[in-house]
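# Secondary and tertiary structure notes
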Amino acid sequence: MKRRKHASGRAPTRGMDVPEARSQRQLRVGEALRHALVRIVERGHFRDPDLQDVSVTVTEVQVSPDLHNATAFVLPLGGANQEAIIAALRRAIPYLRGQLAHEVDLRAVPILSIAADTSFDYATHIDSLLRKSEVVRDLPADQDETDDDGDPGLQGLADRDGR
């Protein structure tokens, strides 16, 4: 029997709808770029007044498979003036790429783009959905219990396992 191929021409994998996983090299280069960007932003040698005395968190850097493009996901501390800070960082991309060339040992510095990190907003949205009364009433009674810090206690896990 002939194997069915995926739309990309490759054989299907277990998770057909899951995007291709990033390679170890992409992850390693992404982390190196993230650490270098953090050091560059910490120094704060920006001419742009919108970037003066601003704390920015670089949460992730995703690198393309050919290592020529990279997207840095950033989040201003406290979320204040997010649009202005992201716009200022985009204006500073040539400076950031020049500094990255000194910080990271790569054949070519990837073309950098800056994007707002929305993962925390998405997590908050999912949490609010899970706390709706329609969802809570469908949960078994033992899953509603939480310990002091709001996390499900180990007692609920033991009860479900029957131990």
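Data block above holds the structure.
Right, let's walk through the structure included here. Treat the numbers as computed from the prediction; the structure is a model and nothing was measured.

Right, let's talk about the overall build of the protein for a bit. When its secondary structure is counted, the protein shows 6 helices and 3 strands. Along the protein, helices and strands appear, N-terminal first, in the series α-β-β-α-α-β-α-α-α. Among the 163 residues that make up the protein, the fraction classed as buried is 26%. Of all intrachain contacts in the protein linking residues separated by at least 6 positions in sequence, the fraction that spans at least 24 positions is 58%. A total accessible area of about 12,200 Å² is found for the protein, and carbon and sulfur atoms account for 52% of it.

So, on to the pattern of salt bridges. Under the definition given, this model contains 7 salt bridges. The partner of Arg 91 in a salt bridge is Asp 48, and the shortest N-O contact between them spans 2.7 Å. You can see Arg 91 sitting in helix H2 (residues 82-91) and its partner Asp 48 sitting in the loop between helix H1 (24-43) and strand S1 (56-63), a full 43 residues away along the chain. Taken together, the shared-partner salt bridges in this structure form one network comprising Arg 39, Arg 43 and Glu 103.

On the basis of which strands lie adjacent, the open sheet formed by 3 strands has the order S1-S2-S3 and mixed pairing. The open sheet has two edge strands, S1 and strand S3 (111-116), and neither has a second partner. Taken pair by pair, the neighbouring strands of this sheet meet at an average axis angle of 25 degrees, ignoring direction. The sheet contact formed by S1 and strand S2 (residues 69-76) spans 7 bridges and is antiparallel.

Reading the values: rules and limits
- Residues numbered from 1 in each chain as written.
- Predicted model: local features only at pLDDT ≥ 70, side-chain atom pairs only at ≥ 80, totals over all residues.
- Heavy atoms only, no water.
- Helix = DSSP H or I, 4+ residues; strand = E, 2+ residues; numbered from the N terminus.
- Buried < 20%, exposed > 50% of the residue type's maximum accessible area, 1.4 Å probe, protein only.
- Contact = heavy atoms within 4.5 Å.
- Areas by Shrake-Rupley, 256 points an atom, 1.4 Å probe, with all protein chains shown as cover.
- Salt bridge = Lys/Arg side-chain N within 4 Å of Asp/Glu carboxyl O.
- Pairing = 2+ DSSP bridges.
- Axes fitted to C-alpha atoms, helices over the stretch in contact; angles between N-to-C directions.

All quantities given are derived from atomic positions and should not be read as evidence of function.
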